[in-house]
Amino acid sequence: MAILAVFAILLAIAGGWYGLQIHSAHRLLMRMQDMSFDELLQEALAGKKEAKVTVGVIKDGQMTYEVYGSDAVALDQTEYRYEIGSITKTMTAALIAQAIQEEKLSLTDTIDRYLELPDGKVYPTIESLLTHTSGLDGYYFEWSMLPYLIHPEKNPFQGITAEDVVQEYQETKLKEEKEYGFEYSNYGFALLGLVLEKVYDTDYTSLLNGYLQEELGMRDTYVSNGDADFDGNWIWESDDAYIPAGAVVSDITDMLLYADAQLGEDSVLTMCHQPLKQINAADKWERMGGFGINEEGMSWMIDRENGIIWHNGATGVHTSYLGFCPEKNTAVVVLANLSQSETIETTSIGFKKLMEISQ
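Remember, it's a predicted structure, so these values are computed and weren't measured experimentally.

Conventions we followed
- Here the residue numbers are simple positions, counted from 1 along each chain's written sequence.
- Under the rules for a predicted model, residues below a pLDDT of 70 receive no local features and side-chain atom pairs below 80 are neither given nor counted, while totals for whole chains, interfaces and linings still include all residues.
- Side-chain calculation: all heavy atoms of the structure are included, whereas hydrogens and water are not.
- Strands here mean DSSP runs of E at least two residues long; helices mean DSSP runs of H or I at least four residues long; both are numbered from the N terminus.
- The contact criterion used throughout is that any non-hydrogen atoms of two residues lie within 4.5 Å.
- Confidence of the predictor at the level of single residues is captured by pLDDT, which takes values from 0 to 100.
- A pair of strands is labelled paired if DSSP reports no fewer than 2 bridges between them.
- Joining through side-chain atoms within 4.5 Å is the link that ties buried Ala, Val, Leu, Ile, Met, Phe, Trp, Tyr and Cys residues into a set, and such a set is a nonpolar core.
- Burial here depends on accessible area, computed with a 1.4 Å probe over protein chains only, as a share of the maximum for the residue type. Under 20% is buried, over 50% is exposed, and the range in between is partly exposed.
- The aromatic pairing rule takes the rings of Phe, Tyr and Trp, using the six-membered ring of Trp, and pairs them if the centres are within 6.5 Å, calling planes under 30 degrees apart stacked, those over 60 edge-to-face and the rest tilted.

Undergrad: What should I look at first to understand the overall build of the protein in this one?
TA: Within the protein, the secondary structure is distributed over 13 helices and 12 strands. Restricting the contact set of the protein to residue pairs at least 6 apart, pairs at least 24 apart contribute 67%.

Undergrad: Looking at this structure, how should I read the confidence of the model for the protein?
TA: Low-pLDDT portions of the prediction should not be read for the details of their coordinates. Looking at the protein as a whole, the pLDDT averages 88, with 88% of positions reaching at least 70. In this model, residues 3-27 is a region of pLDDT below 50 whose contacts with residues beyond four sequence positions or in other chains number 1 contact.

Undergrad: I'm lost on the sheet that holds strand β6 (residues 248-250) in this one. Help?
TA: The strands making up a sheet associate through hydrogen bonds between their backbones, and the pairing can be parallel or antiparallel. Across the sheet, 3 strands lie side by side as β4-β6-β5; this open sheet has antiparallel pairing. Strands with a single pairing partner mark the edges of an open sheet, and in this sheet they are β4 (82-83) and β5 (222-223). As paired elements, β4 and β6 share 2 bridges and run antiparallel to each other. Pairing of Tyr 82 across the sheet is with Ser 250, part of β6.

Undergrad: Explain the nonpolar core here, please?
TA: The nonpolar side chains of soluble globular proteins are, as a tendency, buried together. With 81 residues, the main nonpolar core has Ile 111 and Met 255 as its most contacted residues. Counting residues per element, this core draws most heavily on helix α7 (residues 186-200), at 10 residues. If near-sequence neighbours (up to four positions away) are discounted, Ile 111 is found in contact with Leu 117, Tyr 123, Pro 124, Ile 126, Leu 129, Tyr 169, Leu 191 and Val 195. Counting residues in hydrophobic clusters, the runner-up holds 29 residues, among them Leu 40, Trp 310, Cys 325 and Phe 351.

Undergrad: What should I look at first to understand the sheet that holds strand β12 (residues 330-336) in this one?
TA: In space, the 9 strands of this open sheet follow the order β3-β2-β1-β12-β11-β10-β9-β8-β7, with antiparallel pairing throughout. With partners counted over all chains shown, the strands left at the sheet margins are β3 (74-75) and β7 (277-278), one partner each.

Undergrad: Is there a simple way to explain the pairing of β12 in this structure?
TA: If a strand is regular, its side chains alternate between the two faces of the sheet. The element β12 is largely enclosed, with a buried count of 7 among its 7 residues. Neither face of β12 is exposed, since Thr 330, Val 332, Val 334 and Ala 336 on one face and Ala 331, Val 333 and Leu 335 on the opposite face are all buried. Alignment of strand β11 (residues 319-325) against β12, held across 7 bridges, turns out to be antiparallel. Across the sheet, the residue bridging to Gly 323 is Val 332, located in β12. Once β11 ends, the chain turns through 4 residues before running back antiparallel as β12, passing Asn 329 with a positive phi of about 60°.

Undergrad: I keep staring at the packing of aromatic side chains and nothing clicks. Help me out?
TA: What characterises a pair of aromatic rings is the spacing of the ring centres plus the angle enclosed by the ring planes. According to the stated counting rule, one finds 12 aromatic pairs in the structure shown. On the basis of an interplanar angle of 70° and a centroid distance of 6.5 Å, the ring pair of Phe 37 and Tyr 68 is categorised as edge-to-face. Residue Phe 37 is located in helix α2 (residues 37-44), and its partner Tyr 68 is located in strand β2 (residues 62-68); the two are separated by 31 residues in the primary sequence. When sorted by exposure, Phe 37 lands in the same class as Tyr 68, which is buried. Summarising the aromatic geometry, the rings of Tyr 139 and Phe 157 are spaced 6.2 Å apart at their centres and angled 75° between planes, so their arrangement reads as edge-to-face. Taken as a pair, Tyr 139 in the loop between α4 (126-130) and α5 (146-150) and Phe 157 in the loop between α5 and α6 (162-171) lie far apart in primary sequence, 18 residues in all.

Okay, structure coming up:
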């Protein structure tokens, strides 16, 4: 009985702490509605001694950027290299769109058309993987992930090969062919990377680096080799299957080029912006922080209420945001060496700036 009583007290304490955290978060979100970009940045970077946050803007046809440090003090315009995390998915989506235009695949194709997978299973379509509506989990546990449980800053996807991903699917069963709800899936983009390797008969890293650097002119953007400019970078092996989900390194100049390309008339990129699924994945609190999603394109999140298209990203010590407003011809990029556990997230900072310049 004594043990049960102690357990009950601990649960009550934990529940009370959790309740306070939720209450505090809601209060912050309420305050954020009335905070300017400068005020939000000041609060986000208060006392962050090692912070390096780069904010790029496209407005009136001009591309500019600023670098901020602790307490939002403006720093020299150094072009730091950051891990952009899941913004990589929009680049994988662009490769899919290119393959569709070249008639190498179709949105309605199921992945077993391209990958050697056993008969008698339910397989997702290319479209459902791009829109995170495949019914697949975000990832599936592999023994190589054990170090991540001890050191959360490390890359949990390092060392997971194509063979691991295919084997995992053999053990993972979608029970029926149906419309699944939105569930963000890194695993789904690992599968898309394998499909791209098959249809182009080349490795994903070479495929993506070539597209970014040669087609889009992003010369300093590439699949990471661990050389971003901050300690704690994610390490990837050359054949890691999750590279298509979040392994790119870039700088502000290249990411502004990428944002500007989204505002242009490139048929591959504009194809990615077209809505494929109704989502409505964010509640009112998330919308206050800039996470509105009404529809999903080819990886891109579409916020109809605010007229923006966006994506964000996170690795161990990096977070990123890219959002653009097609009607206003504006865009914002935020690259930061801040983790996603920060009280005020990089996405909120970027969303606030984009709303201000799009008025």
